[in-house]
Amino acid sequence: MSTEEKSAAPRSLAEALRARDDVSLAALLRSRPDLITPVPTDLTQLATRAGTRASVVRALERLDRFTLQTAEALAVAADPATYGELLGLMAGDDGDPAVAGALPRAVALLREQALVWGGDDRLRLVRTARELLAPSPQHPSPTGLGPTVREAAAGMSPGRVQEILTTVGLPSTHDSVTALAALGDLFTDRERMADLLAELPAGSLEVLDRLVWGPPYGQVTHDPAPHLRRLLDHGLLLPTAPGTVVLPREAALHLRAGRAHRAVEPVPPPVEAAAAHRPQVVDATAAGQALAALATVEELLKDWHEGGPAVLRAGGLSVRDLKRTAVALDVPEPVAAFWTELAYAAGLLASDGEADERYAATPAYDEWRELPAAERWARLAEAWLTATRTPGLVGGRDAKDRTLSALGPNLDRSAAPEVRHRVLALLAGLPEGSAPAGESVLARLRWERPLRGPRRDGRDGQEDDLRTRLARWTLSEAELLGVTGRGALAAPGRALIGAPEPPRAADAPEDSDGPGAKLPVHHHRTPAALPSPSPAERAAATERAARLLAPLLPEPLDHVLLQADLTAVAPGPLERPLADVLGVLADVESRGGATVYRFTPGSVRRALDAGRTAADLHAFLARHSRTPVPQPLTYLIDDVARRHGQLRVGATSAYVRCDDDATLDEILADKRAAGLGLRRLAPTVLAAQTGPAALLEGLRAMGFAPAAESAGGDVLIARADAHRTPPRAAPEPVPDGPPVPDDTLLAAAIRAVRAGDLASTAPRKPGPATGGGTPAADGELPRTGAAETLATVQAAVLTGEALWIGYVNAEGAASQRVIAPIRVEGGFVTAYDHTADEVRTYPLHRITGVAELADDAT
């Protein structure tokens, strides 16, 4: 490299960033948004922040497997390393065309994210990244390589080092530094190293084979066996601590044929299709699941209309209440937890905030129920896609070994929205109608975000990785919700993530699965990560998903089929008014393609309690039934209505009154009434020691049909949907780090950083304030007296020159600025501020000092 090229090469990461254009800086800040929070004052501060441990760890964890392997190889290479040396570590001595083709992209990505800087002849890994990835006894390298010869033998005696040189046939040296360098050169010389290994016995070679791919450390006794002694004498095993030896990195690389990794993965694993279905079948199946999802959420909240389960003191549902909910919905407990959390994430469910706090539907639920079915589903699907609450964690344990409960705290996982979106994007990359093999999706996700190490218990942590579990939950939850059908992404689900509509083949394959079917394979396409959509884009995607789902849903029906066994069959979804009334008048017996309702004395009494009369119920059934009203149902309604309200319950604590004193005699004679504490006050009135609610329940359990009455003697109408929480907002997702900045913020931030960099790096003329030196040390504000500051600024107004000033604002924050003074008056200077790229006015008393810029300053 020529002298001019050397001088042009960046000497630090800050200089490398300074040489970038605005597009490159924007790419850096977009990929690492933590660097812009807050906006750095200049490029030196940006480089410093990019090298902090927290920021580097976050950046490394977001690299794909091959790019991370490239960084790991640079961590065990020389510093700096050439591109050729890096390629050798990645592809090995024999070379690998796939690695050679993928490596430029990986290096470019590391450069873009400021983890690597320098040209191809001097590649440097950021120091913090090298410390994290380089091997050490406490933190083994992911490559399985150990320390270099120089590092491993740092504590050896000079005499022992010279003995090793003599044993391997090298001339002795005057110092250990040159001796270790000579030994390292021997291990990196392929021919001489091959000759050295050829002289070793089989037992020694077997030891090297066990250490070559890591871990490189082993244990030896005070008197090692001959085959181990041979390795120690040749420097192929170097002692690092009493009883511990290590295989030097140079020797291991020779044994590995120059490769830093045992298996390099330059391309992502394909997402394979396990089954292929006609797209129409997928969409129809997903639409059926969507209808079932809406019915389940409504059933859940209907069950909690009058106040749901109590809120635990620590928050959330108790295990017993979750089991009751699962029984009511006829689903397993994990699925019940999913529906409960989904209603909560959508803002349809919350705690009421009362002293005896309970869960109930929110006012937003009533608004949601009035929407068309497709829009209701789209609201649920959007809430699921963006929520950070993770129902799959329910029943597990937190860091303090406490059980995680549904609707409770500590269920937020910031990675959940990204994983859900990515899983659906991978499904969108398959041919339409194709259901993926689950393991291939997980393998792809592991390649895109590889694990950073084994679990604490030492076992392989892949299966317990949070992202893997999130992906599994995503596949099952998407099927429950109707985002997918038969495992394949449906058209509304595709629209939900903003994926383009794929062209449909003219001859769609019939439904097929199993080993004999010809299934498409998603090869090495790596869709770019979609940026976080704006609220307007998200609303447009949700609207499009609802629009695509609407034609797939059946039209609501205005009728049912009444049967002689006191049941009604709804052959499809019912119109809202019909469903509401029928839900009060009858109990749901089964759901599915058709919903079966059963009429019971209790359900009819419930309708009468809600203010309906027998005539109303007869007219309602006759109007909405396509079959004649069965006689048993007519008798049931008339019989319950005849006895309904015959008894009246009020509050003394409570009382019972009835015009038929024989009925009261019957109640008093019944042994089941003993717990109610009844006594006769008058021939038609009984007083009770229990409250009205308990008295109503007790009498109904005895087979009577009492009605509650007000203080004025009027029958109280118990209306459904009575209990609602105060207005509640849906829970906000927990962000996964700082948000990705938009283009406007990026442009402003880059302009501010460059202006601040100009202020901090512009050459200054020497001044008397520092005795002929620079006005201040780098990074410090200039210091001049008030008179000198005023004189310098006034002179700059006349000459039009730019000045470098130190300025402290009203909050006490200090900054450096480059200004071009326009006028000075009234104790203020008006100037064009190159740092802010606008004209500003500054009080002179807040300027700490001023210095003229050198003639060659830009």
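Everything numeric in this text was worked out from a predicted model, so none of it was measured.

*Asks:* In this structure, what is going on with the overall build of the protein chain? I would like to understand it.
*Replies:* Broken down by element type, the protein chain carries 34 helices and 27 strands. For the protein chain, buried positions account for 46% of its 858 residues. The contacts of the protein chain with a sequence gap of at least 6 include a subset with a gap of at least 24, amounting to 66%. With the model as given, the accessible surface of the protein chain reaches about 41100 Å², and the carbon-plus-sulfur share is 54%.

*Asks:* Could you clarify how one ought to interpret the sheet that holds strand β15 (residues 567-570) in this entry?
*Replies:* Strand pairing in a sheet is mediated by backbone hydrogen bonds. Such pairs are either parallel or antiparallel. Strand order in the open sheet made by the 4 strands is β14-β15-β17-β16, with antiparallel pairing throughout. The sheet is open, and its two edges are formed by β14 (561-563) and β16 (587-590), each paired on a single side. This sheet shows a mean twist of 30° between the axes of neighbouring strands, independent of strand direction. With 3 bridges joining them, β16 and strand β17 (residues 595-598) adopt antiparallel strand pairing. Bridged to D587 within β17 is R598.

*Asks:* Just to check I follow, could you spell out helix α6 (residues 65-75) for this structure?
*Replies:* A turn of α-helix holds 3.6 residues, and therefore any two residues three or four places apart point the same way. Within α6, 11 of the 11 residues are buried, which leaves it mostly tucked inside the rest of the structure. Within the sequence span of α6, burial applies to R65, F66, T67, L68, Q69, T70, A71, E72, A73, L74 and A75. Two or three places before F66, at the start of α6, stands the capping residue D64, its side-chain oxygen 3.1 Å from that residue's backbone nitrogen.

*Asks:* So what exactly am I meant to see when it comes to the side chain of T244 here?
*Replies:* Mapped onto the elements, T244 comes out in strand β5 (residues 244-246). The buried category is assigned to T244, whose relative accessible area is 17%. One polar contact links T244 to Q219, side chain to side chain, over a distance of 3.4 Å.

*Asks:* What is the right way to look at empty space enclosed by the protein in this model?
*Replies:* It is a probe the size of a water molecule, rolled over the atoms, that shows where empty space is left. All told, the structure shown has 2 cavities of 30 Å³ or more when counted by the stated rule. For the largest cavity, the calculated volume is near 60 Å³. As for the largest cavity, its lining consists of F338, E341, L342, A345, W384, A387, R389, P391 and R420. It is helix α19 (residues 333-345) that contributes the most residues to the lining of the largest cavity, 4 residues altogether. Here the residues of the lining of the largest cavity sort into 6 nonpolar, no polar and 3 charged. One number sums up the size of the second largest cavity: a volume of about 40 Å³.

*Asks:* Honestly, unusual backbone geometry in this entry has me stumped. Any pointers?
*Replies:* Peptide bonds are, in most cases, trans, and in most cases residues other than glycine have a negative phi. Note the cis peptide between T37 and P38, where omega equals -5°. Its location among the elements puts P38 in the loop between α3 (22-31) and α4 (43-50). Looking along the chain, the bond that leaves D79 and enters P80 is cis, with omega of 5°. Within the secondary structure, P80 sits in the loop between α6 and α7 (83-91). Phi angles above zero are rare outside glycine, and A114 is one such case at about 60°. The topology assignment puts A114 in the loop between α8 (97-112) and β1 (116-117). On the basis of relative accessible area, A114 is assigned to the buried category, the value being 0%. The phi torsion at A257 lies on the positive side, around 60°, for a residue other than glycine.

*Asks:* What am I meant to see in the packing of helix α22 (residues 416-429) against helix α23 (residues 438-448) here?
*Replies:* Any two packed helices are characterised by the angle at which their axes cross and by the distance between the axes. For the pair α22 and α23, interaxial distance at closest approach is 11 Å and the crossing angle is 120°. It follows from the interaxial angle that α22 and α23 lie oblique. Both α22 and α23 take part in a crossing whose hand is right-handed. Between α22, through R422, V423, L426 and L427, and α23, the contact on the second element is made entirely by V441, R444, L445 and E448.

*Asks:* Please clarify how the packing of helix α11 (residues 158-167) against helix α15 (residues 226-233) should be interpreted in this entry.
*Replies:* Interhelical geometry of α11 versus α15 gives an angle of 100° and a closest axis separation of 9 Å. Taken together, the axes of α11 and α15 lie roughly perpendicular to each other. Here R160, I164 and T167 of α11 come into contact with α15, specifically with R229, L232 and D233. Taken together, the residues of the contact of α11 with α15 sort by class into 2 nonpolar, 1 polar and 3 charged.

*Asks:* Sorry, what's going on with the packing of aromatic side chains here?
*Replies:* Think of a pair of aromatic rings as described by two things: how far the centres are apart, and how the planes are tilted against each other in angle. According to the stated counting rule, one finds 4 aromatic pairs in the structure shown. Residue placement shows R376 over the ring face of W368; its charged tip is 5.5 Å from the ring centre.

*Asks:* In this structure, what is going on with the environment of A202? I would like to understand it.
*Replies:* Within the secondary structure, A202 sits in helix α14 (residues 202-211). Owing to a relative accessible area of 62%, A202 belongs among the exposed residues under this scheme.

*Asks:* I keep staring at the confidence of the model for the protein chain and nothing clicks. Help me out?
*Replies:* Residues shown with low pLDDT carry predicted positions that ought not to be read at fine detail. Confidence along the protein chain averages 84 in pLDDT terms, with 88% of residues attaining 70 or more. Across residues 1-7 the pLDDT falls below 50, and counting only partners more than four positions away or on other chains, this stretch makes 3 contacts in the model. Every residue in residues 505-510 scores below 50 in pLDDT, and together they form 6 contacts with partners more than four places removed in sequence or on other chains.

*Asks:* Please clarify how the side chain of D42 should be interpreted in this entry.
*Replies:* Residue position: D42 is located in the loop between α3 and α4. Buried D42, no salt bridge; nearest opposite-charge side chain is R18, N-O distance 6.1 Å. At a separation of 3.2 Å, a polar atom in the side chain of D42 contacts the main-chain amide nitrogen of T44. Within the structure, D42 has its side chain in polar contact with the backbone nitrogen of Q45 (distance 2.8 Å).

*Asks:* Looking at this model, I keep getting lost on the nonpolar core. Mind explaining?
*Replies:* Soluble, globular proteins show a tendency: their nonpolar side chains are buried together. Counting residues in hydrophobic clusters, the biggest one holds 89 residues, and the most contacted among them are F187, L236 and L237. Ranked by the residues each element gives to this core, the list is headed by α8, at 7 residues.

*Asks:* Sorry, what's going on with the sheet that holds strand β4 (residues 238-241) here?
*Replies:* Taking strand neighbours across the sheet as the criterion, the 3 strands line up as β3-β5-β4 in an open arrangement whose pairing is antiparallel. Each edge of the open sheet carries a strand with a single partner, namely β3 (217-219) and β4. On average, each strand axis in the sheet is tilted by 40° relative to the strand beside it, whichever way the strands run. Bridge analysis of β4 against β5 gives 3 bridges, and the strand direction is antiparallel. Opposite P239, over in β5, you have V245 as the bridge partner.

*Asks:* Help me understand the environment of R576 in this model?
*Replies:* For R576, the location among the structural elements is in helix α27 (residues 576-585). Residues R576 and P556 lie 20 residues apart in sequence; the distance between their C-alpha atoms is 8.2 Å.

*Asks:* It is not clear to me how the environment of L29 should be interpreted in this structure. Could you clarify?
*Replies:* Looking at the element boundaries, L29 is found in helix α3. Judged by its relative accessible area of 4%, L29 falls in the buried class. Excluding residues within four positions of it along the chain, L29 makes contact with L35, I36, L46, P741, L746 and I750.

*Asks:* Please explain α3 as it appears in this structure.
*Replies:* Looking at α3, one finds that the buried residues are L25, A26, L28 and L29. Each buried residue of α3 sits inside an arc of 160° when the element is viewed along its axis, so together they form one side.

*Asks:* In this structure, what is going on with the pattern of salt bridges? I would like to understand it.
*Replies:* A side chain with one charge may pair with a side chain of the opposite charge, provided their charged atoms come close. For the structure on display, the rule yields 41 salt bridges. The shortest N-O distance in the salt bridge between R160 and E163 comes to 3.1 Å. Placement of the pair is R160 and E163 together in helix α11, with a separation of 3 residues, close to one helical turn. Looking at E163, the relative accessible area reads 45%, which means it is partly exposed. Between R680 and D665 there is a salt bridge, with its nearest N and O atoms 2.1 Å apart. Placement of the pair is R680 in strand β20 (residues 679-682) and D665 in helix α31 (residues 661-669), with a sequence separation of 15 residues. Overall, D665 belongs to the partly exposed group, its relative accessible area being 39%. Members of the salt-bridge network, linked through shared partners, are E298, R369, R376, R576 and D580.

What counts, and where the lines are drawn
Residues numbered from 1 in each chain as written. Predicted model: local features only at pLDDT ≥ 70, side-chain atom pairs only at ≥ 80, totals over all residues. Heavy atoms only, no water. Helix = DSSP H or I, 4+ residues; strand = E, 2+ residues; numbered from the N terminus. Buried < 20%, exposed > 50% of the residue type's maximum accessible area, 1.4 Å probe, protein only. Contact = heavy atoms within 4.5 Å. Areas by Shrake-Rupley, 256 points an atom, 1.4 Å probe, with all protein chains shown as cover. Pairing = 2+ DSSP bridges. Axes fitted to C-alpha atoms, helices over the stretch in contact; angles between N-to-C directions. Polar contact = N/O pair within 3.5 Å; in protein donor to acceptor, adjacent residues only side chain to side chain. 1 Å grid on protein atoms, 1.4 Å probe; cavity = no way out; pocket = protein on both sides within 12 Å on 5 of 7 lines; lining within 4 Å. Points joined across faces, edges and corners; volume = space filled by probe spheres on them. Nonpolar A, V, L, I, M, F, W, Y, C, P; charged D, E, K, R; others polar. Parallel < 35°, antiparallel > 145°, perpendicular 65-115°, else oblique. Left-handed = near helix turned anticlockwise from the far one by under 90°. Phe/Tyr/Trp six-rings, centres within 6.5 Å; stacked < 30°, edge-to-face > 60°. Lys NZ or Arg CZ within 6 Å of the ring centre and 35° of its normal. pLDDT = per-residue confidence, 0-100. Lys, Arg positive; Asp, Glu negative; His and termini not counted. Salt bridge = Lys/Arg side-chain N within 4 Å of Asp/Glu carboxyl O. Core = buried A, V, L, I, M, F, W, Y, C linked by side-chain atoms within 4.5 Å. Arc of directions from axis to C-beta.

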